[in-house]
Amino acid sequence: MEKGVSLERALEIANQTPIERYQEILPLDQATGRILFDDLISLVDDPRFDNSAMDGWAVREADCQESGAVLRIVGTSQAGSAEVPLVGEGEACSIMTGAPIPEGANAIVMIEDSTTHDGSVTINGPARPGFIRKRGENLTEGERPLRSGNILTPSAISLAATMGHDTVSVVRPPSIAVIGVGDELTPPGEPLSENSIYESNTFGISSLVKKMGGTPRRSALIRDSIEDLRKALDEAAGSCDAIITSGGVSMGEWDIVRQIMEQEGDIRFWRIMMRPGGPPLFGYWKGTPLFGLPGNPVSSHVVFTVLVAPWMSKSMGSDEANGSSMANRVRVTMQEPLKGAPGKLCMRRISIRQEGNNLVASTSTHQGSGNIHSMVAHNGLSLLPPDTSCQKGDTIDALWLF
Ligand code: AMP
Ligand code: MG
């Protein structure tokens, strides 16, 4: 087991054990937000044929060199029309956006630049070859503009349809057990006893899992009891692709996740040199990857964002640019000083916004790792390297959270 690792090292260790990828075939209209399992090949050229980018006239460019040229109208090319007239010298064909270019024509005049009379049209503006959308200029048949691991955004869904696909092969969402541990926890909606608090992490973490494209399996809360925890972990390992626990990973006597993983599991690392979120562990329970997240709500969200989310994304075959993700890395100018942490990457909650040409950031609420409101009130995290602080006006790295 490695102790007190950097975030980069923690990721490296976790990435050695990705979740197995399985595929499922979905109708295209149910695939938004899903991750492609295979590359998607275009079944057609796009455009399929030369067509007009404008409503107007298909003409020969040479016939329209001088303003006021009068051309004989030979017919119409509509989007979807089967037969298209030829355009000869001195002739024009009325044409609609998306309609095939008549043979003989090599330029388009916009409708606004023309006046029609009986059977003829006067051209008052330029004839532009650039208004012809050429066959295959966007995509050619056999090209793979969507790759395995890409997330199916609305425009990717549209592209898949453009390429002729009515179904897509996507990554089946990994099922991830989410287990909350602690004697003090009461599910929201139930009466609170003295010194108990509402449990929030299993809800928050499940929501994060969903956002990353997984299926969360929230189990009943576990008391601080090794036996109950063992049972829950066994069940989870038997039915899920990975396990996330919340709480019980610190140094305390009741930190039973750490204890059971030490004694009966297989811990690969414990503690990351970051704040908040220092105590997490990663390892296996009966062969199933397990992330032990800290109980403090901010800590568990932050650790998920910087560790579990990239691991899930990679497991599902994505790269940073095209996969599901929780944050963009940006540079921000701080509008107030920020205190860093000795020996640890410091991720304070910050509010990022555009001001002029700059991204600027500030803080508003109390920064304690128990204050989940701070994650809602802010939209970013500072990335202050270990042993560094920043002054007002300094530019620092940050994560802009989605
Ligand atoms: P632990 O990591 O178990 O020592 O817990 C650290 C802090 O987080 C304590 O204040 C716990 O009460 C709190 N906590 C632990 N688990 C949860 C949870 N599931 N929901 C909300 N708070 C929690
Ligand atoms: Mg606890």
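A.B. asks: Before we move on, can you summarise the packing of helix 1 (residues 7–15) against helix 6 (residues 297–315) with the specific residues and values?
C.D. replies: Relative to each other, helix 1 and helix 6 sit at 35 degrees, their axes nearing to 10 Å. The interaxial crossing formed by helix 1 with helix 6 has right-handed handedness. Where helix 1 approaches helix 6, its residues Leu7, Ala10, Leu11, Ala14 and Asn15 are matched on the opposing element by Val306, Leu307, Pro310, Trp311 and Lys314. A per-class count over the contact of helix 1 with helix 6 returns 8 nonpolar, 1 polar and 1 charged.

A.B. asks: Explain the sheet that holds strand 17 (residues 266–272) to me, and be specific about the residues and the numbers.
C.D. replies: On the basis of which strands lie adjacent, the open sheet formed by 7 strands has the order 1-17-19-20-16-12-15 and mixed pairing. Each having just a single partner strand, strand 1 (2–5) and strand 15 (215–218) make up the two edges of the open sheet. Between one strand axis and the next, the sheet turns by 25 degrees as a mean value, whatever way the strands run. In the sheet, strand 19 (residues 281–285) pairs with strand 20 (residues 288–293) via 5 bridges, with the strands oriented antiparallel. Within the sheet, the bridge partner assigned to Gly283 lies in strand 20 and is Leu290. Sheet contacts for helix 6: strand 12 (175–180), strand 16 (242–246), strand 17 and strand 20; angle to strand 20, the most-contacted strand, approximately 160 degrees.

A.B. asks: Now, about the environment of Gln259: what can you tell me, with residues and values included?
C.D. replies: Relative to the helices and strands, Gln259 is located in helix 5 (residues 256–264). Note: C-alpha distance between Gln259 and Val249 (10 residues apart in sequence) is 8.0 Å. Not counting residues up to four positions away in its chain, the partners in contact with Gln259 are Ile226, Gly252, Glu253 and Trp254. A distance of 2.6 Å separates a polar side-chain atom of Gln259 from the backbone oxygen of Glu253.

What counts, and where the lines are drawn
- Residues numbered from 1 in each chain as written.
- Chains lettered and ligands numbered in written order.
- Predicted model: local features only at pLDDT ≥ 70, side-chain atom pairs only at ≥ 80, totals over all residues.
- Heavy atoms only, no water.
- Axes fitted to C-alpha atoms, helices over the stretch in contact; angles between N-to-C directions.
- Helix = DSSP H or I, 4+ residues; strand = E, 2+ residues; numbered from the N terminus.
- Left-handed = near helix turned anticlockwise from the far one by under 90°.
- Contact = heavy atoms within 4.5 Å.
- Nonpolar A, V, L, I, M, F, W, Y, C, P; charged D, E, K, R; others polar.
- Pairing = 2+ DSSP bridges.
- Polar contact = N/O pair within 3.5 Å; in protein donor to acceptor, adjacent residues only side chain to side chain.

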